[in-house]
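# Observations on the model geometry
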Amino acid sequence: MMNASSKLVRFFIVGFLSFIVSACAQDRGPAPILSVAQVGCLTEPDLGAAKALVVSDGEATPLEFLVSGASPCLETGESVRSLFELVRLPEVDAAFSIRVSAVPSSTGLFAPQLTILDADGIPLRQLPEEKYLFRGPKLTASARINAGERYLLIASNPERVGDRSQRTSAIINQYQSGGPIYFTVRTGSEFTKSVTYSHGGNVTVTGSFLDTSLDAR
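Source: prediction; values computed, not measured. (Residues numbered from 1 in each chain as written. Predicted model: local features only at pLDDT ≥ 70, side-chain atom pairs only at ≥ 80, totals over all residues. Heavy atoms only, no water.)

## Side note on the pairing of strand 4 (residues 63–67)
Alternating positions in strand 4 separate cleanly, Leu 63, Phe 65 and Val 67 being buried on one face and Glu 64 and Leu 66 remaining unburied on the opposite face. In the sheet, strand 4 pairs with strand 16 (residues 201–209) via five bridges, with the strands oriented antiparallel. Along strand 16, the bridge assignment pairs Phe 65 with Val 203. (Buried < 20%, exposed > 50% of the residue type's maximum accessible area, 1.4 Å probe, protein only. Helix = DSSP H or I, 4+ residues; strand = E, 2+ residues; numbered from the N terminus. Pairing = 2+ DSSP bridges.)

What follows is the structure in structure tokens.
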């Protein structure tokens, strides 16, 4: 029969192996896209190709897509190119907000540049740099949508592509003995993950209705 000491040793071994497996799993993922080699890039997005965002019943409905080498290319200046996707915002009477999240792979993180357009595709405003915040491993930005705002242009930011970001995460393990002497052992470890800002990557967009009941007070 295995005693408490043997169980503790086994726990440490299993925990260490789990950490190694987890770290190896994080090494999977596509390499970052550091340049846009496409020719014939658009000078303005095609509104007809926009992906529709749905907000219903007060619940956030996610829109997920991958910005990749197959995504359309936008050229905003001489040799200034971005990969992009276009989202059509819902036309609803209730106030709502959007959140855009860039989800990193092991090596690449989409470098977002978010612009809100009107019904004719004319830019109305661009989300400032301070709106982009890390929440866990995801890089996110949120904005309240105003009347007349109909499209969200999600383009890669050439000025950020190639930059590197380091995020430190912690793993906490806990072991509790089964007797006859009861005790709890907690172990912790940290690892630093470095990712490169990319023209491509996984992106999630959600729309959420806002509670405006306090606005009138």
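Don't stop here, the text continues.
## As for the side chain of Asp 118
For Asp 118, the location among the structural elements is in the loop between strand 9 (112–117) and strand 10 (123–126). Buried within the structure, Asp 118 lacks any salt-bridge partner; Arg 150 is the closest side chain of opposite charge, at an N-O distance of 9.1 Å. Engagement of the side chain of Asp 118 in a polar contact is seen with the backbone nitrogen of Asp 120, the distance being 2.9 Å. Residues in contact with Asp 118, not counting those within four places in the same chain, are Leu 124, Gly 148, Arg 150 and Tyr 151. (Lys, Arg positive; Asp, Glu negative; His and termini not counted. Salt bridge = Lys/Arg side-chain N within 4 Å of Asp/Glu carboxyl O. Polar contact = N/O pair within 3.5 Å; in protein donor to acceptor, adjacent residues only side chain to side chain. Contact = heavy atoms within 4.5 Å.)

## Remarks on the packing of aromatic side chains
Counted by the stated rule, this structure contains zero aromatic pairs. The positively charged end of Lys 51 is found above the aromatic ring belonging to Phe 65, 5.7 Å away from the centroid. Lying across the ring of Tyr 197, Arg 160 places its NZ or CZ 4.4 Å from the centre. (Phe/Tyr/Trp six-rings, centres within 6.5 Å; stacked < 30°, edge-to-face > 60°. Lys NZ or Arg CZ within 6 Å of the ring centre and 35° of its normal.)

## Regarding the pattern of salt bridges
Overall, the coordinates contain six salt bridges when judged by the stated rule. A network of salt bridges, in which partner residues are shared, links Glu 129, Arg 160 and Asp 163.

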